[in-house]
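Each chain, written out:
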Amino acid sequence: MTDALAENVSRGPKPTLAVSEQIAHLKSRGVTFELCSEAEAADYLRTANNLLRASSYRKLFPIKAAGAHAGEYAGLDFEHLRALSSLDRMLRACLLSIALDIEHFARIEILDACEEHGEDGYGIVLDYLHIKLNHKGRNHIEGGLKARGADGDTHDEYSGDLIAKHYDTDEHLDRMPAWVFLETIEFRVFTDFYLFCAERWGDGEMLQRHYVLKSVRALRNACAHNSCILNGVGKASKRGDWITSRLVTDSLNEHGMRRTKSRRDKLSNLRITQIAETLFADSVFCTRPHTTERHARMLGSLRSAWKDVRAIFQKNPTITSFFDFFFKLVDIWVPSSAEYSQM
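Remember, predicted model here, so these are calculated numbers, not experimental data.

Student: Quick one: what's the story with the nonpolar core, residue by residue and with numbers?
Tutor: Among the nonpolar cores identified, the biggest contains 99 residues, and F78, F181, F326 and W333 are the most heavily contacted of them. If one sorts the elements of this core by residue count, helix α5 (residues 78–116) sits on top with 16 residues. With residues up to four places along the chain from it excluded, the contact list for F326 reads L91, I275, L279, L299 and L302.

Written as structure tokens, this is what we have:
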């Protein structure tokens, strides 16, 4: 047994804390209740949120390193946690809506490009399945579609009938055209199909957009699963081989946001990179006026909410610098959003 595991076992499971005990625990870690009373905090923890999610934003605040209060959080009031939780909810709603629209219009782009390149709609799906994919990958997609189109418990209530109409057990997906395939596959498969199309047509710009769509997919999944976003914007990520798309960095350069240390620091955080690439993709794929106006309104509401609470975060550069950077990106790629923050 490793030392870490032994220590974990010796600690045992953490006890369930009553709300009053949760507040006492927060106070023991230096959290104050000056901007938000203990009674308000107790009501919030009972009816609006839980301690695990609310306290996750504590990571954005420094910890005192010395003195009688070493190990406690510095300058952290419960109201900060409450405000960040609300901002995060609004941010997730904005980004999820944008990501869903990006996915929709990227699929429309593929159909339009198929016509432009003289594809019949059937051959490109077959070539993707039998040339691009190996046996395992092809079986995974075909098996999933077959299950969703079949009768019984696995039948997909929303797209099962469409799949069944175009799926033949003997011919596999030979009767499924691109416009049906695109309507029924998940985002992960779509991004791979998008890459296949880019390579098939020798489209370098489309190839770069494929990498952007991978970021959009990752962020969409996080937002759809209601994962906290803001609690991780204050640190660099273990990025591996994931780098910011050239399309994004070129666009930032063109709009006057040069490759400064500040920009590098922000984009060294994978969450912020995915947010940046999603906002960029919004400007590329979501060009219909009604869609851009809807996104601008949502982001304008978020900007207004941030302005309302910004003053309480003045002593926390981690949070203020993130939102300053975020809204600079918004102003580049969704510029009309600023006018809606005044309404």
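Next comes the rest of the description.
Student: Describe the packing of helix α10 (residues 187–201) against helix α11 (residues 204–224), and please don't skip the residues or the numbers.
Tutor: In contact at an axis separation of 9 Å, α10 and α11 are set at 175° when each is read in the N-to-C sense. The orientation of α10 relative to α11 falls into the category roughly antiparallel. Seen from α10, the contacting residues are F187, R188, F190, T191, Y194, L195, C197, A198 and W201; seen from α11, they are M206, L207, R209, H210, L213, V216, R217 and R220. When grouped by side-chain class, the residues that make up the contact of α10 with α11 number 11 nonpolar, two polar and four charged.

Student: Would you mind going over the layout of surface pockets in detail, with residue names and values included?
Tutor: Of the pockets and cavities examined, the largest pocket occupies roughly 420 Å³. In this structure, the largest pocket is lined by 17 residues; those nearest its centre are K14, L17, H25, L51 and S55. For the lining of the largest pocket, the secondary-structure elements that each account for two or more residues are α2 (19–28) and α4 (51–55). Tallied by class, residues from the lining of the largest pocket come to nine nonpolar, five polar and three charged.

Conventions we followed
Along each chain, the written sequence defines residue order, and numbers are assigned to residues from 1. For this predicted model, a pLDDT threshold of at least 70 governs which residues receive local features, and a threshold of 80 or more governs which side-chain atom pairs are given and counted, while totals over whole chains, interfaces and linings are taken from all residues. Excluding hydrogens and water, the side-chain figures rest on all heavy atoms present in the structure. Residues enter a nonpolar core if they are buried and are Ala, Val, Leu, Ile, Met, Phe, Trp, Tyr or Cys, with the set joined through side-chain atoms within 4.5 Å. To sort residues, take the accessible area from a 1.4 Å probe on protein chains only and compare it with the maximum for the residue type: under 20% means buried, over 50% means exposed, and anything in between is partly exposed. Going along the chain from the N terminus, every DSSP run of H or I of four or more residues is numbered as a helix, and every run of E of two or more is numbered as a strand. Note on contacts: a residue pair is in contact if any heavy atoms of the two residues lie within 4.5 Å. Note on method: axes are straight lines fitted to C-alpha atoms, helices fitted across the in-contact stretch only, with angles between N-to-C directions ranging 0 to 180 degrees. These descriptions rest on fixed angle ranges, namely under 35 degrees for roughly parallel, over 145 for roughly antiparallel, 65 to 115 for roughly perpendicular, and the rest for oblique. Charged residues are taken to be Asp, Glu, Lys and Arg, nonpolar residues to be Ala, Val, Leu, Ile, Met, Phe, Trp, Tyr, Cys and Pro, and polar residues to be all remaining types, Gly included. In the cavity and pocket records, a cavity denotes points on a 1 Å grid over the protein atoms alone where a 1.4 Å probe fits but cannot get out, a pocket denotes an open set with protein on both sides within 12 Å along at least 5 of 7 lines, and lining residues are residues with an atom within 4 Å of a point. Grid points are joined across faces, edges and corners, and a volume is the space filled by probe spheres set on the points.

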